[in-house]
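Structural description and commentary
What follows is each chain in one-letter form.
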Amino acid sequence: MNRPKRLLVANVAWAHETAARNPDFFRDLVRGQNPHVLWIGCSDSRVPAETITHCEPGDLFVHRNIANLFHPDDDNSASVLEYAVRVLKVGHVIVCGHYGCGGVRAALLPPEPRLPHVNRRIAPLCALAQTHRGELEGHVGERARIDRLAELNVLEQVRQLRASPIVQEAESLPLVHGWIFALEDGRIKVLTSGYEADDATACTAIARSAA
Ligand SMILES: [Zn+2]
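Residues numbered from 1 in each chain as written. Predicted model: local features only at pLDDT ≥ 70, side-chain atom pairs only at ≥ 80, totals over all residues.

The name an unreviewed UniProt entry gives the chain is Carbonic anhydrase, with Paraburkholderia lacunae as the organism. UniProt lists a comment for the chain under the heading Catalytic activity (unreviewed entry), and it reads "hydrogencarbonate + H(+) = CO2 + H2O". (UniProt positions renumbered as here; feature names shortened; annotations may be inferred.)

Okay, structure coming up:
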């Protein structure tokens, strides 16, 4: 059986199992969506938003791209934010990066001539790496530098999102969270939550781990 065929067979099984578990499930899906969270994550196949958070269809409004980037001038990510905030009125925007990110790694290497779109897309990430070059060089080993840049990248996307007019002018201000997922153990670390008490704790922990 070819791979797409296998996916279609699995889909039939999933639809059957889901309907058996909750006979109202698909009736409710048809009625519309009311997600409370916009998830901005990496396209990496190892970081599927719903799976790692035990979410169901209807729980998350999702945007994924290489290295979980948000840019106000990019209609793709900005339109998702606009719809999530102005129409769905989500209360939370979560940027979730991950350690060992290939997009982040690429930003630390010379541009790859075969990937002009990727190069353009990650240009702001390359600029971020330049800004923090001193700190990144203080980390021993490529993996440590990639992982620190992945954290800085999440925090930079959070900053851009919080500064966005779409968020600033929202009827009810959504909280913008910065998370990072570890492939090693499947756990998510909170870098910033928008909840002041949580952020004070996270800052202390990050400062300690960077020391
Ligand atoms: Zn990634």
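Here we look at helix α1 (residues 3–21)
Here α1 spans 27 Å end to end across 19 residues, near enough to the 27 Å set by a 1.5 Å rise per residue. Burial of α1 is sparse: only zero of the 19 residues sit out of reach of the surface. (Helix = DSSP H or I, 4+ residues; strand = E, 2+ residues; numbered from the N terminus. Expected span 1.5 Å × (residues − 1). Buried ≥ 20, exposed ≤ 12 C-beta atoms within 10 Å, placed from the backbone.)

Points about the UniProt feature "binding site: Zn(2+)" (unreviewed entry) in the chain
Taken from the UniProt record, the annotation "binding site: Zn(2+)" (unreviewed entry) applies to Cys42, Asp44, His98 and Cys101. Spanning 60 residues, the annotated positions come together in the fold, the maximum distance between their C-alpha atoms being 8.9 Å. Checked against the element boundaries, Asp44 lands in the loop between β1 (37–42) and α3 (49–52). Every residue in contact with Asp44, bar those within four places of it in the chain, is listed here: His98, Cys101 and Gly102. Within the element layout of this structure, Cys101 appears in the loop between β3 (92–98) and α5 (102–107). By the C-beta count within 10 Å, which is 27 here, Cys101 ends up buried. Not counting residues within four places of it along the chain, the set of residues in contact with Cys101 comprises Cys42, Asp44, Ala67, Ile146 and Ala150. (Contact = placed C-beta atoms within 7 Å.)

Here we look at the sheet that holds strand β5 (residues 188–192)
With respect to topology, five strands assemble into an open sheet ordered β2-β1-β3-β4-β5, the strand pairing being mixed. The two strands at the open ends of the sheet, each matched to only one other strand, are β2 (60–65) and β5. Along the sheet, successive strands turn relative to each other by an average axial angle of 25°, direction set aside. The pairing of β1 with β3 spans five bridges and is classified as parallel. Counted as the bridge partner of Leu38 is Val93 from β3. Helix α4 (residues 75–87) contacts β1 and β2 of the sheet and is inclined by roughly 170° relative to β2. (Pairing = 2+ DSSP bridges. Axes fitted to C-alpha atoms, helices over the stretch in contact; angles between N-to-C directions.)

Quick notes on unusual backbone geometry
The phi angle at Asn68 is positive, at roughly 40°, despite the residue not being glycine. Given 30 C-beta atoms within 10 Å, Asn68 falls into the buried group. You will see that Lys89, though not glycine, has its phi angle at about 55°, which is positive. Positionally, Lys89 belongs in the loop between α4 and β3. Under the C-beta neighbour-count criterion, Lys89 is labelled partly exposed, with 14 such atoms within 10 Å.

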